[in-house]
Each structure stands twice: as structure tokens, then as C-alpha cells.
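So the chains spell out like this:
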Amino acid sequence: MNIRKFKWILAFAGAVAVVLLLRGFAFTSCLIPSTGMENSLFQGERILVNKWSYGLRVPFMSLFSYHRWCESPVRRQDIVVFNNPAGIRQPVIDRREIYISRCLGVPGDTLLVDSLFSVISPEARFNPDKKRLYSYPASKENLITSLMHTLSITNDGLMGSNDSTHVRSFSRYEYYLLEQAMNGKESFVQPLSNREDAEPNPLIVPGKGKFIRVYPWNITLLRNTLVMHEGKQAEIKNDTLYVDGKPTQHCYFTKDYYWMGSNNTVNFSDSRLFGFVPQDHIIGKASIIWFSKEKETGLFDGYRWNRFFRTVK
């Protein structure tokens, strides 16, 4: 082998090694597969995740178990990348499916939640971008899609349907635009539910070395957390929580946990689905959008050039 070929092979091997080191110990890239984080992140974007934002979680957890260098806590409103807390079929945490959500609660926080564990706050309640489910007659589908096109309302597809009724998600502002477009006629688009009026319940986010009181609305959530993340034997009998065979009214936790939520509240790929997120599942903070392209567009169009290399907020 001549020296020039050897140098090229050596340079290529060095470049691959540098990429692998950066991916394992500094940054990694993630694809945004859904609309759950709009308007912060759009479907089809690729982002860089800073693995040092909360301290580096040592790779190869199957060999070294869980260790984190220079650990620091997640902050409220951070957009966080983490492994699926409910993916218990895969025992190695860093091999589980990757999710991204906004941190709504840190250890010790008390959140007000409704019956579906959606966080209720003044900011969320009156946010014009907050998505809700609305129903309308199936016979009006063509009219709705025409209005959405005219008003430049994003078509996220049907959320549900039967022979007589269709369900879509709209923000408050989008619903206002639809009402105005109907020229004062009685609106056939109606909120699917009015769960905002339900009495909220206080939900405490567990912290390391802390006790949490068991209530009817959190008993299943606490039981699942103890089983999946604390290694406890826990079960519910006659509305009573049993931990390691003993009835209890307070649960003790050995880890810090976080409550994660989607920007789009219709999307349930957040803590309402998989519960609290333990610290050892945290990968890092969403840092920079390095690629952005609209779904189902051609090779030379659909690029969101104004979003390239934008900081994630």
C-alpha cells in the first residue's frame, strides 16, 4: 500500500473517530417526527442536542450503569430530550426510544392538573396557541378543509371520526378565525369537551429523599413510578396502595423526577402518557435547529431557510 492511500485511510478513520466521540460525549442529532412541539419545533426539523447541559450521562449504560459527570438540574421551560420512561421492555435506558418535551415541573414543584393530567396555569389557559379538540358534522368536512386552506390554518389531519362526526384540533385563535369566516352564522364547530372547568388537583413532582402523599387522583401514577423506576413491588387493592406488601399513604423516592409536556396539548406523547421522567433518562437539552424542511415536499423545495441554525426556545 502506497503512503498516499494510507494517509487517506488514516484521515478518514480519524474523521469517523471524531464524529463518534462528539456524538457520544458532546452532541447528538435528533429528528422531530410530529407536531407535538410546535411552535417551538416543527415536524421534519433536525436538531442538535447538547449532552452537557445537565451533565454528561456516561454512554454505554449496559456496561457502566448510570453515571453523570458535572450533573446539574433541568430548568423549567427547557426543551429536553430523554429516553422513553415507559419503555421497560428494553432494560438498558439509553437504548430506549427518544422523546422530546418541555419541562413543566421540577422536583418539589406542585402542579395543578385536570383529570387527564394536563397542567393548568394562567399562561396555558389563555394562550391563543393552545390546541383543543373540536367536533363538527362529517357532512361539513369539505367546507372545513376549504376554510382552513383559505385561512392558512395548518392541516394536522383528523383526530377522530365516525359516520356523523369529525374531530380536529384548533388553537383558540384558529377557532376565532373559523367563527369569523362563517359571517356570524351559528357555528357548527364545537369544543369536544369543557374539561378546563373541572376542579384541578395538586400534583407534587417527586424529588430524591422526599415523601409524596397518596391521593385517589395520583395513586396509579405513583404506583407506576415505584414499579418502573424505584424497583419496588407496588399494587393497588381496594383503592389502597401497597408497597412491598404493606399499605401506605406516603411514597418515598430515591431519584429526582420531572414532568414533561408538549407545546401542542392535543399531542399525548408526554408525561400524560408515560408519567414522571427520572433524572437518569435525561439525555440533554435541545440546542440548535440545523435542518428544517416541510413534510412531503420535493428535493428542491419546502426548506425553511429562516429556521436553519436557530436556537431552540
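Computed from a predicted model, the values in this text were never measured in an experiment.

## Examining the overall build of the protein chain
Of regular secondary structure, the protein chain possesses 7 helices and 21 strands. Within the protein chain, contacts between residues separated by at least 24 positions form 64% of all contacts whose residues are at least 6 apart in sequence.

## A closer look at the packing of aromatic side chains
For the structure shown, the criterion picks out 18 aromatic pairs. Plain terms: the ring middles of Phe-82 and Tyr-99 are 6.4 Å apart, the flat faces sit at 70° to each other, and that makes the pair edge-to-face. Remark: Tyr-99 occurs in strand β6 (residues 98–105) and Phe-82 occurs in strand β5 (residues 79–83); sequence separation between them is 17 residues. Under the relative-accessibility criterion, Tyr-99 is labelled buried at 16%. Seen in terms of ring centroids, Tyr-257 and Phe-276 are 6.3 Å apart; in terms of plane orientation they differ by 65°. Their pairing is edge-to-face. In this pair, Tyr-257 sits in strand β18 (residues 257–261) while Phe-276 sits in the loop between α7 (271–274) and β19 (277–278), placing the two residues 19 residues apart along the sequence. By relative accessible area, which is 0% here, Tyr-257 ends up buried. Three or more aromatic residues joined by ring pairs form one cluster here, namely Trp-290, Phe-291, Tyr-303, Trp-305, Phe-308 and Phe-309. One residue, Lys-140, lies across the ring of Phe-188, its end atom 5.2 Å from the ring centre.

## Quick word on unusual backbone geometry
A positive phi angle is found at Phe-60, which is not glycine, with a value near 55°. Its place among the elements puts Phe-60 in the loop between β3 (56–57) and α2 (61–64). By relative accessible area, Phe-60 is classed as exposed at 52%. The backbone phi angle of Cys-70 is positive, close to 55°, even though this residue is not glycine. Tracing the backbone shows Cys-70 in the loop between β4 (68–69) and β5.

## Quick look at the pattern of salt bridges
Applying the stated criterion across every chain yields a total of 9 salt bridges. Note that Lys-237 and Glu-235 form a salt bridge whose closest N and O atoms lie 3.4 Å from each other.

## A word on the pairing of strand β7 (residues 110–113)
Of the two faces of β7, the one holding Leu-111 and Val-113 is buried and the one holding Thr-110 and Leu-112 is not buried anywhere. Pairing geometry for β7 and strand β12 (residues 201–204), over 4 bridges, is antiparallel. The residue bridging Leu-111 from the neighbouring strand is Leu-203, located in β12.

## Topic: the environment of Asn-83
Inspection of the secondary structure puts Asn-83 in strand β5. Classification of Asn-83 as buried rests on a relative accessible area of 1%. Sequence-wise, Asn-83 and Asp-94 are 11 residues apart; in three dimensions their C-alpha atoms are separated by 6.5 Å. One polar contact links Asn-83 to Arg-57, side chain to side chain, over a distance of 2.8 Å.

## A look at helix α5 (residues 172–181)
Because an α-helix completes one turn every 3.6 residues, residues spaced three or four positions apart along the sequence face the same direction. Of all the residues in α5, the buried ones are Glu-174, Tyr-175, Leu-177 and Leu-178. Looking straight down α5, one finds that the buried residues subtend no more than 160° of arc, so they occupy a single side. Packing partners of the buried residues in α5 comprise β8 (131–137), α4 (141–150), β10 (165–171) and β11 (190–191). Positioned one or two residues after α5, Asn-183 has a phi angle of 55°, which is positive.

## Side note on the confidence of the model for the protein chain
Per-residue pLDDT for the protein chain has a mean of 85; in total, 84% of the residues score no lower than 70. Here residues 15–22 is a poorly scored stretch, pLDDT under 50, and it has 2 contacts once near neighbours within four places are set aside; other chains count.

## A few points about the sheet that holds strand β15 (residues 240–243)
Taking strand neighbours across the sheet as the criterion, the 3 strands line up as β14-β15-β16 in an open arrangement whose pairing is antiparallel. With one partner strand each, in any of the chains shown, β14 (234–237) and β16 (246–248) form the two edges of the open sheet. The mean inter-strand angle of the sheet, taken between neighbouring strand axes irrespective of direction, is 40°. Bridging between β15 and β16 involves 3 bridges; their strand directions are antiparallel. Residue pairing for β16: Val-243 is matched across the bridge by Lys-246. Running at roughly 155° to β14, helix α6 (residues 219–229) makes contact with β14 and β15 of the sheet.

What counts, and at which threshold
- Residues numbered from 1 in each chain as written.
- Predicted model: local features only at pLDDT ≥ 70, side-chain atom pairs only at ≥ 80, totals over all residues.
- Heavy atoms only, no water.
- Helix = DSSP H or I, 4+ residues; strand = E, 2+ residues; numbered from the N terminus.
- Contact = heavy atoms within 4.5 Å.
- Phe/Tyr/Trp six-rings, centres within 6.5 Å; stacked < 30°, edge-to-face > 60°.
- Buried < 20%, exposed > 50% of the residue type's maximum accessible area, 1.4 Å probe, protein only.
- Lys NZ or Arg CZ within 6 Å of the ring centre and 35° of its normal.
- Salt bridge = Lys/Arg side-chain N within 4 Å of Asp/Glu carboxyl O.
- Pairing = 2+ DSSP bridges.
- Polar contact = N/O pair within 3.5 Å; in protein donor to acceptor, adjacent residues only side chain to side chain.
- Arc of directions from axis to C-beta.
- pLDDT = per-residue confidence, 0-100.
- Axes fitted to C-alpha atoms, helices over the stretch in contact; angles between N-to-C directions.

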